[in-house]
Amino acid sequence: MTNVLLTALGVGGASVIGALLGFIFKKTTHKFSDIVLSFAAGVMLCAAIVGLILPSIEHASEHGTLVSILIMLLGVFCGAIVINLIDKLVPHLHKMTGVDMEKHPEKTQQLNKVLLFVIAIAIHNLPEGIAAGVGFGTGNDIEAIVIAGGIALQNIPEGMVIIAPMLASGMSHKRTFLIAIITGVVEVIGTLLGYFAVSISNAILPFALAFAGGTMLYVIGDEMIPETHAHGNERGATFSLLVGFCLMLIFDILL
């Protein structure tokens, strides 16, 4: 349980660290952001496949190969569908960029910026936190920590890029930092929820692992990769993703 708590704090704290860096480096280049975010996407992609989806099949293997595959498919697509539905119900992070704010200043004045950002970031962070917590259900704490490390790595550049739009919209430094802390708390809550969900019943572990993997795959494919390929840095972003994927795979093999 100690490892889970420390991991939850680490994953949530990464968002806050990213926010602090965002205050320091308010004008990072798109190229830098794309490379770092792509690297994080590669790490998360490997973590989703090797640390969550494949273990899902393994833990369900006692029911037979066909059933274990069906459970995995059901979990992956349920995870993706749930995130997709939430995306459609509330504003999401990529819709609240600094560019949009500059083009539509009159609209941003009418919005409850604090609530919008908290909701938007929570959509992204809650399933990631759950994925980190579910990873401990396999009993392999080292692998679970590696998965959480990949998620935390992604949270740092995400924490950085949300600061400038909030400040540009007229939000105070104090309130901006408070929101950054809230986003970290959401991830902590998600990690604990994921851990306790699989601790209550091992029967749901295969589905929960695949579900968590599905949410991560959706975020990577729908949000992270398109974002990193939208500013003319596609080649560097692709190689950065491959480096992140391979590095995470090496860590998994060695540990």
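Before reading on, note that the structure itself is shown above.
Scope of this entry: the structure provided in the associated data block. Given the structure is predicted, the values throughout are model-derived calculations rather than measurements.

What counts and how
- Going along each chain's sequence as written, the residues are numbered from 1 onward.
- Owing to the predicted nature of the model, reporting of local features is limited to residues with pLDDT of at least 70; listing and counting of side-chain atom pairs is limited to 80 or more, with chain, interface and lining totals taken over all residues.
- As a rule here, side-chain values come from all non-hydrogen atoms in the structure, and water together with hydrogens is ignored.
- Per the convention used, a helix needs a DSSP run of H or I reaching at least four residues, while a strand needs a run of E reaching at least two, with both numbered from the N terminus.
- Burial status follows relative accessibility: with a 1.4 Å probe on protein chains alone, a residue under 20% of its type maximum counts as buried, one over 50% as exposed, and anything between as partly exposed.
- A contact between two residues is defined here by any heavy atoms of the two lying within 4.5 Å.
- Per-residue accessibility takes into account occlusion by the displayed protein chains alone, with areas from the Shrake-Rupley method and a 1.4 Å probe.
- Multiplying 1.5 Å by the residue count of a helix minus one yields the expected span of that helix.
- The angle between axes fitted to the seven-residue stretch ending at a residue and the seven-residue stretch beginning at it gives the bend at that residue.

Attention now goes to the overall build of the chain. On a plain count of helices and strands, the chain comes out with 11 helices and zero strands. Going residue by residue from the N terminus, the α and β elements of the chain occur as α-α-α-α-α-α-α-α-α-α-α. With 255 residues in all, the chain has 47% of them scored as buried. Sequence separation of at least 24 residues holds for 88% of the intrachain contacts in the chain that already meet a minimum separation of 6. As displayed, the chain offers around 12200 Å² of accessible surface, 72% of which is attributable to carbon and sulfur atoms.

A few words on helix H2 (residues 30-59). Compared with an ideal rise of 1.5 Å per residue, which puts 30 residues at 44 Å, H2 spans 41 Å between its outermost C-alpha atoms and is within 8% of the ideal. Remark: the principal bend of H2, roughly 30°, maps to Ala48.

On the secondary structure map, Thr176 appears in helix H9 (residues 173-200). Since its relative accessible area comes to 0%, Thr176 is described here as buried. For Thr176, the contacting residues outside a window of four places in its chain are Phe23, Ile163, Met166, Leu167 and Met171.

Shape descriptors only; they carry no functional weight alone.
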